[in-house]
Amino acid sequence: MMSNHLVSKLPKNEWQITVVDQYKTHYYQPGFLFLPFDIYTTKQVKKKGAKFIPKGVNYINEKIELIQPDDNKVLLENGTELAYDILIIATGTKIAPEEVEGMKGPEWHKSVFDFYTYEGSKALRNKFREWEGGKLVVHITEMPIKCPVAPLEFAFLADSYFKNKGMRDKVDITFVTPLGGAFTKPKATKALHHLLTDKGIKEVTDFNIERVDYENNKIIDYAETEVPYDILVTIPTNMGDALIERSGMGDDLNFVPTNKATLQTEDHENIFAIGDATNLPASKAGSVAHFEAEILTENILRYINGEPLKEEFDGHANCFIETGGGKALLIDFNYTHEPVEGTFPFPGVGPLNLLKESRTNHMGKMAFRWVYWNMLIKGIHIPFVSATMSEKGKHFEETEA
Amino acid sequence: MDKTIGQATISVDQEGYLTDLSQWNKEIATEIAKEQGIEMTDKHWEIIDYIQEKYKNEEPLSIRGIKKSGVINIKEFYALFPGGPLKKATMIAGIPKPKSCI
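Remember, it's a predicted structure, so these values are computed and weren't measured experimentally. (Residues numbered from 1 in each chain as written. Chains lettered and ligands numbered in written order. Predicted model: local features only at pLDDT ≥ 70, side-chain atom pairs only at ≥ 80, totals over all residues.)

Trainee: Describe the overall build of chain B, naming the residues involved and giving the relevant values.
Mentor: Across its full length, chain B carries five helices and two strands. A compact globule built from 102 residues should have a C-alpha radius of gyration of about 13 Å, and chain B, at 13 Å, falls within 12% of that. Residue burial in chain B is summarised as follows: out of 102 residues, 26% are buried. Pairs at least 24 residues apart make up 49% of the contacts formed inside chain B by residues separated by at least 6 positions. (Helix = DSSP H or I, 4+ residues; strand = E, 2+ residues; numbered from the N terminus. Rg over C-alpha atoms; globule rule 2.2 N^0.38 Å. Buried ≥ 20, exposed ≤ 12 C-beta atoms within 10 Å, placed from the backbone. Contact = placed C-beta atoms within 7 Å.)

If you want it as structure tokens, here you go:
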């Protein structure tokens, strides 16, 4: 995305752009939510990364061994050294199931699943296809996680999926969270809590997992509360890439300390970070990276010209939330504003509704896969949706602290 | 909304969390703790300092993070703030409880 933005803006005789990616396949990660329910096929969620690299940009498929910020160098696993003037870190967030005792044990991808990886999501799809019912537990280990609403969407979609299969009465769905509720913000709780009760999804709150007892099929928290399962779908601890730790550049979750308004890293002025690799208190969602990219492009040009950086990023996120049965919600929020009701992107017109279930929102979410492959990665601006959040057409009562 | 504690008036949200950390002081915290059935000790204050520091640095709070930090072991943390340690500790510390995006 950044190379697509920058390639047309930087003079070719002065700047050379190199993208280093350890993977050959680029996954549409939001699609992992749909894969277990046979809504998307495996083919729809992956493409070759090389397809998205613009002309004139070097593309290296190799793992990075180390970043040496003091020497302005990146060392690749094959021994190659790359020197840089400016480095952009976009190494993302990964699941770390090994952080919880018993999670990545012999039952991993057998009765204990994740859906944040292609492998996990596919294993779960195969399990669901032949499952005859029982206790399905959807569980969040700890915050922050990539796309914080995905587990909730998963529970909603599971409700629909088993209804459509005519076996909803055989499946007991429980949502387990370390937070105070499945919804944690006052407006969203008020507008949406009924969804859980309507769909018969049970809620276990303030559950801080200590271990997975895979022999007896239950998760146990520090207060010794136990939740039994037949299938556990967990969101393990999310961490930044181990490369960040190896390079001594991260916090205790391997996220890179980054200025939340300029996207320059705190420790090195010629290193910038984007997306879920950063420690920003924004949502670790793809839309955030998209909005950041527009501001980061501007700031890199300013940095090159020796101008002060724009302190513009406001934590803007914009997410469709599947609620099952062909409906979805849309939320739009930033660092300081919680999601509220209203219309989007045109004030008072829509066509999309904020914080309300509708079929149009669902169509939006489905269309988004196309937008992702054809616009987002290519760095094409989405018409009418600005990088910073608009307050127009929204029902704010007060500004949150 | 406003809430009066002793001589002081503080602003809190619907659930009783302070909305402005600058209004926080130890007396207020002690009173909030009492309402939660907690008598503050040195160990309690140590935890409060730690989570306020995390909050000021905009670092996420989690039970596992607290365990890793070595400030306290988790069983002890539950014993100090029974029935939802993070929920209660953040309320006493005058900072918002951990939230998701909706």
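Trainee: So, the overall build of chain A: which residues are in play, and what are the values?
Mentor: Looking only at helices and strands, chain A features seven helices and 23 strands. Computed over C-alpha atoms, the radius of gyration of chain A comes to 21 Å, within 12% of the 21 Å expected from 2.2 N^0.38 for 401 residues, which places it in the range of a compact globule. By principal-axis analysis of the C-alpha atoms, chain A measures approximately 65 × 50 × 40 Å. Taking as baseline every contact in chain A between residues at least 6 positions apart, the subset at least 24 positions apart corresponds to 63%.

Trainee: Explain the domain arrangement of chain A to me, and be specific about the residues and the numbers.
Mentor: All names here are of chain A. You can read the domains of chain A as domain 1 (2–22 + 62–92 + 241–304), domain 2 (97–238) and domain 3 (316–401). Here the C-alpha centre of domain 3 lies 25 Å away from the C-alpha centre of domain 2. Facing twelve residues of domain 2, the contacting portion of domain 3 comprises eleven residues. Put simply, the parts of the chain that give the side of domain 2 that touches domain 3 at least two residues each are α3 (150–164) and α4 (186–198). The biggest single contributor to the side of domain 2 that touches domain 3 is α3, with five residues. Class assignment of the residues belonging to the side of domain 2 that touches domain 3 gives a composition of six nonpolar, one polar and five charged. (Domains from an automatic or database assignment. Nonpolar A, V, L, I, M, F, W, Y, C, P; charged D, E, K, R; others polar.)

Trainee: How would you explain the UniProt feature "active site" (unreviewed entry) in chain B if you had to name every residue and give the values?
Mentor: The feature "active site" (unreviewed entry), as given by UniProt, occupies Cys101 of chain B in the numbering adopted here. Its location among the elements puts Cys101 of chain B in the segment after α5 (85–93). Among the residues examined, Cys101 of chain B registers 23 C-beta atoms within 10 Å and is labelled buried. Excluding residues that lie within four positions of it along the chain, Cys101 of chain B makes contacts with Pro148, Val149, Ser283, Ala317 and Phe333 of chain A. (UniProt positions renumbered as here; feature names shortened; annotations may be inferred.)

Trainee: Before we move on, could you go through the interface of chain B and chain A and cite the residues and values that matter?
Mentor: With 22 residues of chain B at the contact, the number on the chain A side is 27 residues. Secondary-structure elements contributing two or more residues to the side of chain B that touches chain A are α3 (63–69) and α4 (74–80) of chain B. When residues of the side of chain B that touches chain A are assigned to their parent elements, the largest contribution, four residues, is made by α3 of chain B. Residue composition of the side of chain B that touches chain A, grouped by class: seven nonpolar, six polar and nine charged.

Trainee: Break down the sheet that holds strand β7 (residues 81–83) of chain A for me, citing the residues and quoting the values.
Mentor: All names here are of chain A. A sheet is described by the order of its strands in space; here three strands give the open sequence β5-β6-β7, paired in antiparallel fashion. Only two strands of the sheet have a single partner each, and these edge strands are β5 (64–68) and β7. Here the average twist between neighbouring strands, direction ignored, is 20°. As paired elements, strand β6 (residues 73–76) and β7 share three bridges and run antiparallel to each other. Paired with Lys73 across the strands is Ala83, a residue of β7. (Pairing = 2+ DSSP bridges. Axes fitted to C-alpha atoms, helices over the stretch in contact; angles between N-to-C directions.)

Trainee: Give me the pairing of strand β15 (residues 218–221) of chain A: which residues, what numbers.
Mentor: Residues and elements named next belong to chain A. Residues of β15 alternate between two faces, with Ile219 and Asp221 buried on one and Lys218 and Ile220 left unburied on the opposite face. Here strand β14 (residues 209–213) pairs with β15 via four bridges, running antiparallel. Its bridge partner being in β15, Asp213 is matched across the sheet by Lys218. Hairpin connection, β14 to β15: the antiparallel pair is bridged by four residues, and Asn217 has positive phi, about 50°. Sheet topology note: the β15/strand β16 (residues 226–228) ladder contains three bridges and is antiparallel. Looking at the pairing, Ile220 lines up with Glu226 of β16. Where β15 folds back on β16, the antiparallel hairpin that results is connected by four residues, among which Glu224 adopts a positive phi of roughly 65°.

Trainee: Describe the pairing of strand β2 (residues 8–11) of chain B, with residues and values.
Mentor: Residues and elements named next belong to chain B. Where strand β1 (residues 2–5) meets β2, four bridges bridge the pair, whose relative direction is antiparallel. Paired with Lys3 across the bridge in β2 is Ile10. Where β1 folds back onto β2 in an antiparallel hairpin, the turn is made up of two residues, including Gly6, whose phi is positive at roughly 60°.

Trainee: I'd love a proper account of the sheet that holds β16 of chain A, names of residues and values included.
Mentor: Residues and elements named next belong to chain A. Overall, antiparallel pairing links the three strands, which are arranged β14-β15-β16 in an open sheet. Two strands lie at the open edges of the sheet, namely β14 and β16, each paired on one side alone. Each neighbouring strand pair of the sheet contributes to a mean axis angle of 20°, computed without reference to strand direction.

Trainee: Residues and numbers for the environment of Gly6 of chain B, please.
Mentor: Residue and element names in this part refer to chain B. Looking at the element boundaries, Gly6 is found in the loop between β1 and β2. Between the C-alpha atoms of Gly6 and Glu31, which are 25 residues apart in sequence, the distance is 8.5 Å. Discounting residues that sit within four places of it in the chain, Gly6 has contacts with Glu27 and Glu31.

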